[in-house]
Amino acid sequence: MRVVNTVNEVRKEVKEWKKQGLTVGLVPTMGFLHEGHASLIRKAAEQCDRVVVSDFVNPTQFAPNEDLESYPRDIEHDMKICEESGADLIFHPGVEEMYCPDFSTYVNMTGPSDELCGKSRPIHFRGVCTVVSKLFNIASPDKAYFGQKDAQQLAVIMRMVRDLNFDIEIVGCPIIRESDGLAKSSRNTYLSPEQRSAATVLHRALEEGRKLAESGEKSASAVIAKITEIIESEPLARIDYVNVTSFPEIIPTEEINGSILAAVAVYFGSTRLIDNFILG
Ligand code: PAF
């Protein structure tokens with residue numbers, strides 16, 4: 001496994017692989033890898049001949065008041081996880097390699113990016129779509145892997161690939177959880193022991209919401225109310241949103257019908273965690 005820092009080095013390596021007729025899987029990450037990322041890399045290694053992992057904390061998806069500076073970084077640890085999980089190449093560029101000083105081209109989406117996190121983090125998906133398009137152009141993958149923990153991001157990327165005719169298959173992979181149900185996230189490291197234990201309320205609340213919907217409840221408001229009530233019973237939790245939308249369109253819905261996403265974003269102190277389930 002190699003670690004490279006430049007676009008040219010990735011292109012050169014991928015070109016060599018393609019010349020040999022090998023398929024390429026891309027796992028875009030912001031580093032500080034955990035078991036959730038490892039599962040994406042393993043899936044990519046199962047399905048593709050070669051795997052590229054990008055490890056880049058992308059500044060354009062953070063608003064000025066967000067945690068860009070404090071976002072955890074540990075490339076040595078990331079290299080170990082990548083090696084163990086079957087990656088062949090880590091692309092670990094500096095900001096200046098990805099964004100020249102007069103960078104001025106962005107991928108703007110409307111639709112699936114407007115609701116949920118798009119409301120609370122208005123520039124977030126513009127940054128995600130821009131950097132993921134760049135990574136697609138740099139690594140030319142046959143398949144790219146995204147976790148369902150960021151279900152809206154998965155929907156946004158699927159829409160972007162369709163709309164912009166990227167010849168890439170998007171593979172969504174299941175949420176990986178701690179043994180007490182908390183979804184794995186690099187941001188879990190920000191939590192104090194009390195907040196960490198309080199955060200388990202998210203999975204409990206979503207499981208109750210899921211049971212209600214699976215038992216035949218057709219009203220999204222009833223499912224939202226159930227999830228909200230359980231989260232609100234935890235004093236350290238402050239809700240950003242609890243919502244139910246169609247998936248992958250991400251349109252708020254009143255009726256539980258077809259494929260739906262129930263998603264939450266909740267603050268514990270200043271740490272904002274997201275979680276969800278998809279039905280249908
Ligand atoms: O999900 C993430 O870690 C990021 O949003 C991504 C897709 C790597 C783009 O920076």
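Whatever comes next refers back to the structure up there.
All chains use their own residue numbering, which begins from 1 and follows the written sequence. For this predicted model, a pLDDT threshold of at least 70 governs which residues receive local features, and a threshold of 80 or more governs which side-chain atom pairs are given and counted, while totals over whole chains, interfaces and linings are taken from all residues. Only hydrogens and water are removed before side-chain values are computed, so all heavy atoms of the structure are retained for them.

A.B. asks: I'm lost on helix 10 (residues 220-232) in this one. Help?
C.D. replies: Residues three or four positions apart in an α-helix share a direction because the helix packs 3.6 residues into each turn. The terminal C-alpha atoms of helix 10, which comprises 13 residues, lie 18 Å apart, in line with the 18 Å expected from a rise of 1.5 Å per residue. Where helix 10 is concerned, the buried positions are Ala220, Val223, Ile224, Ile227, Thr228, Ile230 and Ile231. Viewed end-on, helix 10 has its buried residues packed into an arc of 165°, placing them on one side of the element. Facing away from the buried side of helix 10, by more than 90 degrees, are the exposed residues Glu229 and Glu232. Numbering of helices and strands runs from the N terminus, with a helix taken as a DSSP run of H or I at least four residues long and a strand as a DSSP run of E at least two residues long. One fewer than the residue count of a helix, multiplied by 1.5 Å, yields its expected span. Using a 1.4 Å probe on the protein chains alone, a residue whose accessible area is under 20% of its type maximum counts as buried, one over 50% counts as exposed, and one in between counts as partly exposed. This arc is taken over the directions from the axis of the helix to the C-beta atoms.

A.B. asks: Please clarify how the pattern of salt bridges should be interpreted in this entry.
C.D. replies: Where charged atoms from two side chains of opposite charge come close, those side chains can pair. We define a salt bridge as a side-chain nitrogen of Lys or Arg found within 4 Å of a carboxyl oxygen belonging to Asp or Glu. The tally for this structure, following the rule as stated, stands at 17 salt bridges. With a closest N to O distance of 3.3 Å, Lys143 and Glu169 form a salt bridge. Pair noted here: Lys143 is in strand 5 (residues 143-147) and Glu169 is in strand 6 (residues 169-173), with a separation of 26 residues, a long-range link. Residue Asp240 pairs with Arg272 through a salt bridge whose shortest N-O separation is 2.9 Å.

A.B. asks: What am I meant to see in unusual backbone geometry here?
C.D. replies: Apart from glycine, the bulk of residues carry a negative phi angle, and the bulk of peptide bonds sit in the trans form. Cis peptide bonds are those with omega within 30 degrees of zero, and the linkage from Phe247 to Pro248 qualifies with 10°. Mapped onto the fold, Pro248 is located in the loop between strand 7 (237-246) and strand 8 (260-268). The phi dihedral of Leu116 is positive, around 45°, even though this residue is not glycine. Of note, Leu116 is situated in the loop between helix 4 (95-98) and helix 5 (117-120). One non-glycine residue, Ser140, lies in the positive phi region at around 40°. Following the sequence through the fold, Ser140 ends up in the loop between helix 6 (124-139) and strand 5. Ser140 sits in the partly exposed class, given a relative accessible area of 34%.

A.B. asks: I would appreciate a short explanation of the site of the ligand in the present structure.
C.D. replies: Taken together, Pro28, Thr29, Met30, Asn58, Gln61, Val128, Val131, Phe146 and Gln153 make up the full set of residues near the ligand. Gln61 places a polar side-chain atom, nitrogen or oxygen, 2.6 Å from an oxygen atom of the ligand. Calculation of accessible area relied on Shrake-Rupley with a 1.4 Å probe; when residues are assessed, cover is drawn exclusively from the protein chains displayed. Relative to its free-state accessible area of 290 Å², the ligand is covered by the protein chains to the extent of 88%. Residue classes follow a fixed rule: Ala, Val, Leu, Ile, Met, Phe, Trp, Tyr, Cys and Pro count as nonpolar, while Asp, Glu, Lys and Arg count as charged, and any other residue, Gly among them, counts as polar. Tallied by class, the residues present in the shell around the ligand amount to five nonpolar, four polar and no charged. Proximity is defined per residue: any heavy atom of the residue falling within 4 Å of a molecule or strand makes that residue near it. A 3.5 Å cut-off defines polar contacts: any pair of N or O atoms within that distance qualifies, except that in protein one atom must be a possible hydrogen donor and the other a possible acceptor, and neighbouring residues in sequence count only when both atoms are side-chain atoms.

A.B. asks: Explain the nonpolar core here, please?
C.D. replies: As a rule of thumb, soluble globular proteins bury nonpolar side chains together. In this description, a nonpolar core means a group of buried Ala, Val, Leu, Ile, Met, Phe, Trp, Tyr and Cys residues linked to one another through side-chain atoms lying within 4.5 Å. Membership of the largest hydrophobic core comes to 46 residues, with the highest contact counts inside it found for Phe136, Ile157, Met160 and Ile170. Elements supplying a minimum of two residues to this core: helix 1 (7-19), strand 2 (24-29), strand 4 (89-91), helix 6, strand 5, helix 7 (151-163) and strand 8. No other element matches helix 6, which puts nine residues into this core. Contacts are assigned to residue pairs with any non-hydrogen atoms lying within 4.5 Å of each other. Discounting chain neighbours no more than four positions away, the residues touching Ile157 are Val128, Val132, Phe136, Phe146 and Ile170. If you look at the next biggest cluster of nonpolar residues, it comprises 27 residues, including Leu191, Ala237, Val266 and Phe277.

A.B. asks: So what exactly am I meant to see when it comes to the sheet that holds strand 6 here?
C.D. replies: Sheet strands pair via backbone hydrogen bonds, and the direction of the pair is either parallel or antiparallel. The strand order across the open sheet formed by six strands is 1-4-3-2-5-6, and the pairing between neighbours is parallel. Of all strands in the sheet, those bounded by a partner on one side alone are strand 1 (2-4) and strand 6. The sheet shows a mean angle of 25° between the axes of neighbouring strands, taken without regard to direction. In the sheet, strand 2 pairs with strand 5 via two bridges, with the strands oriented parallel. Looking at strand 5, one finds that Leu26 is bridged to Ala144. We call two strands paired when DSSP finds no fewer than two bridges between them. Lines are fitted to the C-alpha atoms to define the axes, a helix being fitted only along its stretch in contact, and any angle between axes, read from their N-to-C directions, falls within 0 to 180 degrees.

A.B. asks: I would appreciate a short explanation of the side chain of Arg187 in the present structure.
C.D. replies: Considering the arrangement of structural elements, one finds Arg187 in the loop between strand 6 and helix 8 (193-198). Setting aside anything within four residues of it in sequence, one finds Arg187 in contact with Phe62, Asp67, Tyr71, Arg121, Thr271, Arg272 and Leu273.

A.B. asks: In this structure, what is going on with the packing of aromatic side chains? I would like to understand it.
C.D. replies: In this description, a pair of aromatic rings is defined by centroid distance and the angle of the planes. Each aromatic pair joins two rings of Phe, Tyr and Trp (for Trp, the six-membered one) with centres within 6.5 Å, and gets the label stacked for planes under 30 degrees apart, edge-to-face for over 60, and tilted for any other angle. The tally for this structure, following the rule as stated, stands at five aromatic pairs. Look at Phe56 and Tyr99: their rings are 6.3 Å apart centre to centre, the planes differ by 35°, and that puts the pair in the tilted class. Within this pair, whereas Phe56 is found in the loop between strand 3 (50-55) and helix 3 (75-85), its partner Tyr99 is found in the loop between helix 4 and helix 5, the two being separated by 43 residues in sequence. Given the relative accessible area of 6%, Phe56 is considered buried. When its relative accessible area of 10% is taken as the criterion, Tyr99 is described as buried.

Just geometry here; none of it tells us what the structure is for.
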